[in-house]
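One-letter residues, chain by chain:
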Amino acid sequence: MNNLEKNVFGQKAENSQEELSRKLENVLQKKQEKKSSPSHEAINDLVEGLPDILKEKIIADIKRLEGYGLNEEQLRIEAEIRAREIRENYLDKRFDMPNKSFAKLETMQTIDNILEGEVVLEDLKKTARVSFDLNGLKSVNDITRSHENGDRYLKLFADILKKEELAVWLKERNIEAVATADGGDEFGAILKSDKEISSDVLNEFMDKVENELSQDERASEILDFSDEKIILAFAGISEEDLAGKTAEERRKILEEAKKEIPADYKFKAIVSSGAATLYDSFADVKISGEDDYERILGKMMGSIFDKSDENMQKAKVDFKRGLRDSNDPEKIFLAKVYSRSEGEVEARRLLEEYMVRFGKL
Amino acid sequence: MGEKKDKEPTFTGSRPYAPREYDKKEEERLRALLRKIFAQKTPPKG
């Protein structure tokens, strides 16, 4: 028998020919079975667009049910129910992005993955969270008298977080990220790497997101201070106030209202951000003897959320104080736009502050 | 233990991030805590 008569396993070629056909048939059959199995290709359309962790959750559930002997149609129905539940529980439909529940789940999963093998304290620097709070949502809602505009304003920021180039920028720095809509005007990002995430990268990331947003001209289309309706609404003048006025009187009222707005002013969307790594928040984790592993994971997750939120709140306070203390007319005006929706008490406090600084208005 | 608070906030709304710093004693406590959590995840068999 020469080498040509042997297959790679050293068997006789005439025997292997038969065996090969049988094997091929077997493979084709298995492939066919796999194709019709709801836990694989058949549910791909149901899980399309979902983050991996959620896809895996559905597939694991369906695989388990396959083991219980459910037929293809039943499995498909179960998969549809689960996909619908998952989308309702973990996705924000307005922006088609994961929500805060997902952020919590993903963070717990990430912490669980870190706690593998020889974990050291420095490994906790490989996971970070950034909290974002979009400034001015209430003002947009109040001045435009439309929550639809508020939603457009939120979407503007969601679009920036979802930008492909932002993910690429992070990937180039060896970081995987998931951006989430955390409810109201709050958003977040979970950053994961197999190396420590440096403070430079975190600062650059926040700057990048903030700059992208503040340069987005759509904000000035949503809250357009060249629009007469917006100017009058900002000055607190309603249609009722204008009823019965002559065209000349109306023109004067409008001119008066315009005086408060800096020349060529364009409203900018600004987000306040704060970052924390698991390392930063770990000292705040309080563990009792009764806590099981799952509960500890929950506490570690809670601590990084609290820490990044705390840093974001500090940034917000600094930012607003910076606006109020500024001599730049645009910043002073932006402070007024924000304060307009912060209630009468805050407005009065600002007024008193201006009177002290600039004399009687 | 403490956090650096020496940088000026930016106009766009962030307070520059600075990692938290721990003193030796706190660092040791945290290392021990991490070992304890890891042990809870992987309890010895038997």
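Predicted model, so just to flag it, every value in this text is computed and none were measured. (Residues numbered from 1 in each chain as written. Chains lettered and ligands numbered in written order. Predicted model: local features only at pLDDT ≥ 70, side-chain atom pairs only at ≥ 80, totals over all residues. Heavy atoms only, no water.)

Looking at the overall build of chain B
Reasoning step 1: The number of helices and strands found in chain B is 1 helix and 2 strands.
Reasoning step 2: Beginning at the N terminus, the succession of helices and strands in chain B can be written as β-β-α.
Reasoning step 3: Expressed as a percentage of the 46 residues in chain B, the buried residues total 33%.
Reasoning step 4: Roughly 3,200 Å² of accessible area belongs to chain B as shown, and the carbon and sulfur atoms make up 55% of that amount. (Helix = DSSP H or I, 4+ residues; strand = E, 2+ residues; numbered from the N terminus. Buried < 20%, exposed > 50% of the residue type's maximum accessible area, 1.4 Å probe, protein only. Areas by Shrake-Rupley, 256 points an atom, 1.4 Å probe, with all protein chains shown as cover.)

Some words on the nonpolar core
Reasoning step 1: Grouped together as the largest cluster of nonpolar side chains are 62 residues, with contacts concentrated most on Phe132(A), Phe157(A), Phe187(A), Leu191(A), Phe205(A), Phe225(A) and Phe267(A).
Reasoning step 2: If you tally residues by element for this core, the top one is helix H7 (residues 147–161) of chain A, at 7 residues.
Reasoning step 3: Core analysis: the next-biggest nonpolar cluster, separate from the first, contains 25 residues, Ile190(A), Met300(A), Met301(A) and Leu30(B) among them. (Core = buried A, V, L, I, M, F, W, Y, C linked by side-chain atoms within 4.5 Å.)

Some words on the packing of H7(A) against helix H9 (residues 199–214) of chain A
Residues and elements named next belong to chain A.
Reasoning step 1: Taken N-terminus to C-terminus, the directions of H7 and H9 make an angle of 135°; their axes are 10 Å apart at the nearest point. Accordingly, the angle class assigned to the pair H7 and H9 is oblique. Here H7 runs over H9; the crossing is right-handed. Together, Leu 156, Phe 157, Ile 160 and Leu 161 of H7 and Val 209, Glu 212 and Leu 213 of H9 make up the contact between the two elements.
Reasoning step 2: Each residue belonging to the contact of H7 with H9 can be placed in one class, and the counts come to 6 nonpolar, no polar and 1 charged. (Axes fitted to C-alpha atoms, helices over the stretch in contact; angles between N-to-C directions. Parallel < 35°, antiparallel > 145°, perpendicular 65-115°, else oblique. Left-handed = near helix turned anticlockwise from the far one by under 90°. Contact = heavy atoms within 4.5 Å. Nonpolar A, V, L, I, M, F, W, Y, C, P; charged D, E, K, R; others polar.)

Brief notes about the interface of chain B and chain A
Reasoning step 1: The partner chain A presents 46 residues to the 26 residues of chain B that form the contact.
Reasoning step 2: Our count for the chain B to chain A interface comes out at 4 salt bridges.
Reasoning step 3: Summed over the shared surface of chain B and chain A, the number is 12 residue pairs in polar contact (both at pLDDT 80 or more).
Reasoning step 4: The element contributing the most residues to the side of chain B that touches chain A is helix H1 (residues 24–41) of chain B, with 11 residues. (Salt bridge = Lys/Arg side-chain N within 4 Å of Asp/Glu carboxyl O. Polar contact = N/O pair within 3.5 Å; in protein donor to acceptor, adjacent residues only side chain to side chain.)

Section: the confidence of the model for chain B
Residue and element names in this part refer to chain B.
Reasoning step 1: Per-residue pLDDT for chain B has a mean of 77; in total, 65% of the residues score no lower than 70.
Reasoning step 2: Confidence scores differ between elements of chain B, with strand S1 (residues 2–3) showing the lowest mean pLDDT of 43 and strand S2 (residues 20–21) the highest of 94.
Reasoning step 3: Between residues 1–9, whose pLDDT stays under 50, and residues either more than four places distant or in other chains, the model counts 23 contacts. (pLDDT = per-residue confidence, 0-100.)

Considerations on helix H8 (residues 164–172) of chain A
All names here are of chain A.
Reasoning step 1: Within H8, the full set of buried residues consists of Leu 166, Trp 169 and Leu 170. Along the axis of H8, the buried residues cluster in a sector spanning 95°; they form a single face. Facing away from the buried side of H8 by over 90 degrees, the exposed positions are Glu 164, Lys 171 and Glu 172.
Reasoning step 2: The elements touched by buried residues of H8 are H7, strand S4 (175–183), strand S5 (186–193) and H9.
Reasoning step 3: One or two residues past the end of H8 sits Asn 174, with phi positive at roughly 70°. (Arc of directions from axis to C-beta.)

Examining the packing of aromatic side chains
Residues and elements named next belong to chain A.
Reasoning step 1: Scanning the entire structure with this criterion turns up 12 aromatic pairs over all chains.
Reasoning step 2: Taken together, Phe 95, Phe 132, Phe 157, Phe 187 and Phe 205 form an aromatic cluster joined through their ring pairs.
Reasoning step 3: Between the NZ or CZ atom of Lys 125 and the centre of the ring of Tyr 279, over which it lies, the distance is 4.3 Å. (Phe/Tyr/Trp six-rings, centres within 6.5 Å; stacked < 30°, edge-to-face > 60°. Lys NZ or Arg CZ within 6 Å of the ring centre and 35° of its normal.)

Details of the sheet that holds strand S6 (residues 271–277) of chain A
Residue and element names in this part refer to chain A.
Reasoning step 1: Read from one edge to the other, the open sheet built from 4 strands follows the order S4-S5-S3-S6, with strand pairing classed as antiparallel. Each having just a single partner strand, S4 and S6 make up the two edges of the open sheet. The sheet shows a mean angle of 20° between the axes of neighbouring strands, taken without regard to direction.
Reasoning step 2: As judged from the 7 bridges shared by strand S3 (residues 127–134) and S6, these two strands associate in the antiparallel manner. Within S6, the residue paired with Asp 133 across the bridge is Ser 272. (Pairing = 2+ DSSP bridges.)

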